[in-house]
Amino acid sequence: MSFDFKKLGPGLLFAGAAIGVSHLVQSTRAGADYGFGLVWVLLLVNLFKYPFFQFGPRYAMATGESLLEGYKKLGKGVLFTYTIVTLASMFTIQTAVTIVTAGLAHNLFGNSISLEIWTVIILFICVLILLKGKYRFLDKIMKGIVVTLTISTLIAVVLAFKEQPTSISFLQILPKDHLQIAFLIAFMGWMPAPLDISIWHSLWTIEKKKEVQNLTVKSSLFDFNIGFIGTIIIGLGFLTLGALVMHQSSVAFSAKASEFSNQLISMYSKHMGAWTYPIIGIAAFTTMFSTTLTTMDASPRSMAHSLQLLFPKKQFKGYLAWMFILLLGTILIFFFLASEMGLLIQIATILSFLTAPFFAIANYVLICSKHTPTEWRPSMAMHIWSLLGIVFLIGFSAWYLSTI
């Protein structure tokens, strides 16, 4: 039986949102600093986060409602906690993804325009697109962008392997000092994405179900699996490029957005030819821009929806208000920490990992509860997988906190 590719969408949107800072910045830096020594981290964190991401589209398709409605059914305290966590992290997350996007734009489209001005321009373009309702256009081309970036990454990896003059060590390592452990936690925080994207995914799934009448739980999970596997492949690709191109050299990645972006794109052109610089640069920029746009839409949307669920009598209609609050907050944070891209990303990613156990537990409890139809509750294997994932997330969070 042939699969209807019109049913694909939220899973690829998940991939488009996930393939951003975690891949272009964190995975590349992991390879540059540690070689192939942190491959175990990338694989394990994807393995143990998988169930909790999957529960987003599973619950949405099984019940016809997003995880936010489910959180409310678990108790207003759960939904209120989500709202507070989102409020505490949305500004640093938005700033982190925007500054990388601005760095790419600075290198590709004009050094005459400062990084600060590029940041403001990108944010306002995102707002204008969302106000005009033109996000669907980007959604349509995102499949091509993700495919282009995947193919480009794989080609660059193959060529980098061919040019590798010395033997490659795959010895796995465990960071020991505080700075190394902090990077480890930051690396896992957004690999492949923060767990709160499961809420966004549930919202996207509901919207997709309105467009495709015969969408099923199985087809939705198939869509998700394609996107999830894609994020793992690209993550390994960027880590490999960092390990092969940067690890053996004396060059270190810069903490400044514009310099880092130039180093990143140069990794490709070094192995694929100088003519590929603008092509790969545009693909990387579009990928990061889609992440910036997605977060600019999803965080205000989820905040407005959460408040409406928490206070139904107030009839909150705050999507636009929250969008402009996020816009202003991002600009203010950026101008205070414009030269500290590394610090911004570390703060955002560590916060995401430390809050991951909350989302993992909430998603697991909800999918196992009476609010989910029996046939779509987890199997015994998924129960064990989920519990191991929760132990993994709590254990590494406690380990990090004990080193502070």
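Remember, it's a predicted structure, so these values are computed and weren't measured experimentally.

What about the environment of Phe289?
Then, number 1: Among the structural elements, Phe289 can be located in helix 12 (residues 277–310).
Then, number 2: Sequence-wise, Phe289 and Phe392 are 103 residues apart; in three dimensions their C-alpha atoms are separated by 32 Å.

Some thoughts on the nonpolar core
Then, number 1: Ranked by internal contacts, the top residues of the largest apolar core, which has 127 residues, are Tyr71, Phe187, Met188 and Ile199.
Then, number 2: Per-element tally for this core: the top contributor is helix 12, with 15 residues.

Focus: the layout of surface pockets
Then, number 1: One number sums up the size of the second largest pocket: a volume of about 260 Å³.
Then, number 2: Lining the second largest pocket we find 13 residues, and of these Gln26, Arg29, Phe183, Gly342 and Gln346 sit closest to its centre.
Then, number 3: At the level of secondary structure, the elements contributing two or more residues to the lining of the second largest pocket comprise helix 2 (21–34), helix 8 (178–189) and helix 14 (341–368).
Then, number 4: Here the lining of the second largest pocket is composed, by residue class, of eight nonpolar, three polar and two charged.

Things to note about the environment of Leu123
Then, number 1: For Leu123, the location among the structural elements is in helix 6 (residues 115–132).
Then, number 2: Here Leu123 falls in the buried class, since its relative accessible area comes to 0%.
Then, number 3: In this structure the C-alpha to C-alpha distance between Leu123 and Thr95, which are 28 residues apart in sequence, comes to 9.8 Å.

Looking at empty space enclosed by the protein
Then, number 1: Summed over all chains, the structure comprises three cavities of 30 Å³ or more.
Then, number 2: Of the residues belonging to the lining of the largest cavity, the class tally is 11 nonpolar, four polar and one charged.

Topic: the packing of helix 3 (residues 39–63) against helix 8
Then, number 1: Helix 8 packs onto helix 3 with a crossing angle of 45 degrees between their chain directions and a minimal axis gap of 10 Å. The pairing of helix 3 with helix 8 is recorded here as oblique in orientation. Crossing of helix 3 over helix 8 shows right-handed handedness. Contacts between helix 3 and helix 8 involve Trp40, Val41, Leu42, Val45 and Lys49 on the former and, on the latter, Leu184, Phe187, Met188 and Gly189.
Then, number 2: Across the contact of helix 3 with helix 8, the residue classes break down as seven nonpolar, one polar and one charged.

Criteria and cut-off values
- Residues numbered from 1 in each chain as written.
- Predicted model: local features only at pLDDT ≥ 70, side-chain atom pairs only at ≥ 80, totals over all residues.
- Heavy atoms only, no water.
- Helix = DSSP H or I, 4+ residues; strand = E, 2+ residues; numbered from the N terminus.
- Core = buried A, V, L, I, M, F, W, Y, C linked by side-chain atoms within 4.5 Å.
- Buried < 20%, exposed > 50% of the residue type's maximum accessible area, 1.4 Å probe, protein only.
- 1 Å grid on protein atoms, 1.4 Å probe; cavity = no way out; pocket = protein on both sides within 12 Å on 5 of 7 lines; lining within 4 Å.
- Points joined across faces, edges and corners; volume = space filled by probe spheres on them.
- Nonpolar A, V, L, I, M, F, W, Y, C, P; charged D, E, K, R; others polar.
- Axes fitted to C-alpha atoms, helices over the stretch in contact; angles between N-to-C directions.
- Parallel < 35°, antiparallel > 145°, perpendicular 65-115°, else oblique.
- Left-handed = near helix turned anticlockwise from the far one by under 90°.
- Contact = heavy atoms within 4.5 Å.

Function-wise, these values are silent; they only describe arrangement.
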